[in-house]
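Fold and geometry: a report
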Amino acid sequence: MEPLRTNRGLLKYILLSFITLGIYSIVCFSHISSEINWIATKHDGRHTMHYCLVFFIFSWLTLGIVPLVWSHNICDRMGDELYARRIDYSFGAGTFWGWGIIGSLIVIGPFIFLHKFFKAMNLINADYNAKGE
């Protein structure tokens, strides 16, 4: 198996999402939902819904509630995986609610959340690529 991606970043995400009219963001979050399932399911027995289902079906059907629940759950799961792998990086569902939602009041909050989100996933993937478990 080829190594998982460890080069996700905020600037790349913003530029490619703008150029592709949002398609890159869907692809990026789809890959992340698949990767966290690949890495963490054997440790926690949980399953994160694929992002395409959330985006294309459940977001409009539930008036935006499912994407909030999905984001809370994936951030919580990533935080648990960071802790289980003994990676010293503070991230979790509180990061989503603090920076992603409440931080939107200061405009820059969601950007800080995305930076932390991508960094957390890069750290998890790097650890998985190094240890293979």
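Residues numbered from 1 in each chain as written. Predicted model: local features only at pLDDT ≥ 70, side-chain atom pairs only at ≥ 80, totals over all residues. Heavy atoms only, no water.

1. Some thoughts on the packing of helix α1 (residues 10-19) against helix α6 (residues 109-131)
Axes are the key here: two packed helices are described by the angle between their axes and the distance separating the axes. Across the interface, α1 lies against α6 with an axial gap of 9 Å and an inter-helix angle of 115°. Comparing their axes, α6 and α1 come out roughly perpendicular. When α1 is examined against α6, the residues Leu10, Tyr13 and Ile14 are found in contact with a partner set consisting of Phe111, Leu114, His115 and Phe118. Counted by class, the contact of α1 with α6 contains six nonpolar, one polar and no charged residues. (Axes fitted to C-alpha atoms, helices over the stretch in contact; angles between N-to-C directions. Helix = DSSP H or I, 4+ residues; strand = E, 2+ residues; numbered from the N terminus. Parallel < 35°, antiparallel > 145°, perpendicular 65-115°, else oblique. Contact = heavy atoms within 4.5 Å. Nonpolar A, V, L, I, M, F, W, Y, C, P; charged D, E, K, R; others polar.)

2. As for the packing of helix α4 (residues 65-84) against helix α5 (residues 93-101)
For the pair α4 and α5, interaxial distance at closest approach is 7 Å and the crossing angle is 130°. Judged by the inter-axis angle, α4 sits oblique to α5. For the pair α4 and α5, the contacting residues are Leu68, Ser71, His72, Cys75 and Asp76 in the first and Ala93, Phe96, Trp97 and Ile101 in the second. Here the residues of the contact of α4 with α5 sort into six nonpolar, two polar and one charged.

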